[in-house]
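One letter stands for each residue in the lines below.
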Amino acid sequence: MTENNLSEEKCVACRGDAPKVSSQEKVELIKQIPQWRIVEKNGVEMLERAYEFPDFASALLFTERVGRLAEQEKHHPSLLTEWGKVTVWWWTHKIHGLHRNDFIMAAKTDSLYQPILKDYVES
Ligand SMILES: C[C@H](O)[C@H](O)[C@H]1CNC2=NC(N)=NC(=O)C2=N1
């Protein structure tokens, strides 16, 4: 399996006529982000992952960093921030489904997680 280089990729500007990922692409891409699952909500396929935290402050810090990443990439998630937990959903609004960008953003989101926990342990 290729190294998880998804997190180094950049999102492409996505248009309304952009193709959704194919079933085969989904199989390959989801292998690179094994903690994520593909769910369907209101007929829209999206990527979903819940991250655990020791408290609300660290959950909020992670939320802030995911928000900053979204602004940088001009691609935005749905976020549910609770005490000790942040649930993230990625999908492409314009195509009402999954684009490669969503898998890239999920991989980038994963890379924000460990540094938060590490800082917490060391604090
Ligand atoms: C106008 C603005 O660029 C668009 O609405 C962008 C913003 N962020 C986005 N985020 C996501 N996830 N999907 C989109 O289609 C999208 N479109």
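Residues numbered from 1 in each chain as written. Predicted model: local features only at pLDDT ≥ 70, side-chain atom pairs only at ≥ 80, totals over all residues. Heavy atoms only, no water.

Draft legend 1. Representation of the pairing of strand S2 (residues 44-52) within the structure. Note: strand S1 (residues 37-41) against S2, five bridges, orientation antiparallel. Residue Arg37 lies in a different strand from S2, and its bridge partner there is Glu48. Taken together, S1 and the strand that follows it, S2, pair antiparallel across an intervening segment of two residues, in which Asn42 is found at a positive phi of about 50 degrees. As paired strands, S2 and strand S4 (residues 85-90) are joined by six bridges and run antiparallel to one another. Paired with Tyr51 across the bridge in S4 is Val86. (Pairing = 2+ DSSP bridges. Helix = DSSP H or I, 4+ residues; strand = E, 2+ residues; numbered from the N terminus.)

Draft legend 2. Quick peek at the confidence of the model for the chain. Per-residue pLDDT for the chain has a mean of 94; in total, 97% of the residues score no lower than 70. With a pTM of 0.93, the predicted complex shows an ipTM of 0.92. (pLDDT = per-residue confidence, 0-100.)

Draft legend 3. Expanded view of the packing of helix H2 (residues 56-73) against helix H3 (residues 100-122). Look at H2 against H3: their axes get within 10 Å of each other, and the N-to-C directions meet at 145 degrees. In terms of crossing hand, the pair formed by H2 and H3 is right-handed. Note on element contacts: H3 touches H2 through Met105, Lys108, Thr109, Leu112, Tyr113, Pro115, Ile116, Asp119 and Tyr120, opposite Ser58, Leu61, Phe62, Arg65, Val66, Leu69, Ala70 and Glu73. Looking at the contact of H2 with H3 residue by residue, the class counts come to 11 nonpolar, two polar and four charged. (Axes fitted to C-alpha atoms, helices over the stretch in contact; angles between N-to-C directions. Left-handed = near helix turned anticlockwise from the far one by under 90°. Contact = heavy atoms within 4.5 Å. Nonpolar A, V, L, I, M, F, W, Y, C, P; charged D, E, K, R; others polar.)

Draft legend 4. A look at the packing of aromatic side chains. Throughout the structure, instances matching the rule amount to six aromatic pairs. On the numbers, 5.1 Å between centres and 45 degrees between planes, the contact of Phe53 with Phe62 is tilted. There is no split in this pair, since Phe53 and Phe62 are both buried. When the ring of Phe62 is compared with that of Tyr113, the centres are 6.0 Å apart and the planes differ by 70 degrees; the resulting orientation is edge-to-face. Within this pair, whereas Phe62 is found in helix H2, its partner Tyr113 is found in helix H3, the two being separated by 51 residues in sequence. Exposure remark for Phe62: the relative accessible area of 0% places this residue in the buried category. Residue classification places Tyr113 among the buried residues on the basis of a relative accessible area of 11%. Through a chain of ring-to-ring contacts, the aromatic side chains of Trp36, Tyr51, Phe53, Phe62 and Tyr113 assemble into a single cluster. (Phe/Tyr/Trp six-rings, centres within 6.5 Å; stacked < 30°, edge-to-face > 60°. Buried < 20%, exposed > 50% of the residue type's maximum accessible area, 1.4 Å probe, protein only.)

Draft legend 5. Inspection of the environment of His76 at higher detail. Counting through the fold element by element, His76 comes out in the loop between H2 and strand S3 (78-82). Take His76: its relative accessible area is 32%, and that puts it in the partly exposed class. Each C-alpha atom of the pair His76 and Ile95 lies 14 Å from the other, and the pair is 19 residues apart in sequence. Every residue in contact with His76, bar those within four places of it in the chain, is listed here: Ala70, Glu71, Trp90, Trp91 and His93. At a separation of 2.6 Å, a polar atom in the side chain of His76 contacts the side chain of Glu71. (Polar contact = N/O pair within 3.5 Å; in protein donor to acceptor, adjacent residues only side chain to side chain.)

Draft legend 6. Local environment of the pattern of salt bridges. Taken as a whole and judged by the stated rule, the model has nine salt bridges. Note that Glu9 is salt-bridged to Arg100, the shortest N-O span being 2.7 Å. Of the two residues, Glu9 sits in the segment before helix H1 (23-31) while Arg100 sits in helix H3, which places them 91 residues apart along the sequence. (Salt bridge = Lys/Arg side-chain N within 4 Å of Asp/Glu carboxyl O.)

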